[in-house]
Amino acid sequence: MTDPFSENLIALLPNLRRFALSLTRRADLADDLVQITAERAFAARGRYDPSVRLDAWLFRILRNAFIDMTRRDKVRGVTVDVYDTPEAATVDGASVTETALMLGSAQEAMARLPDEQRQVMILICVEEMSYAEAAEVLGIPPGTVMSRLSRARLAVAQMLGIK
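Report on the accompanying structure.

Criteria and cut-off values
Residues numbered from 1 in each chain as written. Predicted model: local features only at pLDDT ≥ 70, side-chain atom pairs only at ≥ 80, totals over all residues. Heavy atoms only, no water. Helix = DSSP H or I, 4+ residues; strand = E, 2+ residues; numbered from the N terminus. Buried < 20%, exposed > 50% of the residue type's maximum accessible area, 1.4 Å probe, protein only. Contact = heavy atoms within 4.5 Å. Areas by Shrake-Rupley, 256 points an atom, 1.4 Å probe, with all protein chains shown as cover. Phe/Tyr/Trp six-rings, centres within 6.5 Å; stacked < 30°, edge-to-face > 60°.

1. Some details on the overall build of the protein
A count of helical and extended segments in the protein gives seven helices and zero strands. Listing each helix as α and each strand as β along the protein from the N terminus yields α-α-α-α-α-α-α. The burial tally for the protein puts 36% of its 163 residues in the buried class. When contacts within the protein are restricted to residue pairs at least 6 apart in sequence, those whose partners lie at least 24 apart make up 66%. A total accessible area of about 10300 Å² is found for the protein, and carbon and sulfur atoms account for 56% of it.

2. With respect to the packing of aromatic side chains
The final tally for this structure, using the stated rule, is five aromatic pairs. Ring centres of Phe 5 and Phe 42 lie 5.7 Å apart, and the angle between their planes is 70°; on these two criteria the pair is classed as edge-to-face. Residue Phe 5 is found in helix 1 (residues 4-24), and its partner Phe 42 is found in helix 2 (residues 27-43); the two are separated by 37 residues along the sequence. Relative to Trp 57, the ring of Tyr 48 lies with its centre 4.9 Å away and its plane at 50°, an arrangement referred to as tilted. The burial state of Tyr 48 is the same as that of Trp 57; both residues are buried.

Right under this line is the structure:
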């Protein structure tokens, strides 16, 4: 029998993985990061404040774990996974192809953003967090979230030739 904390955590796993993928840009590292986040959340569940959204609390744990992982990797040096291979996507139909191309272009544009802007854009636009929640996750003022998001949106629009 599962408790509400576990059920809510399990429900948020896809969101956590999506954010982890945006940070790591590698599925295997994203999976590791989500696992680390779940372990840390269960270990610290007694310190969780129910007045704070669980997803915001988990995203902050994930981001801190990513920072820890990045620092560790800088000391360790560059590693290459020999099993990484691009996956071929098959699509049919003009509208499906057009949508896939536009989504791919948008993802490429977001990937070229500075980390600070990309993180804000993912939290606000993909994870649908409020400015205050994103500010809490990132440990920055809400005004900084708004300015980073504005710059990120303009940069993506320019890269896509929209503006």
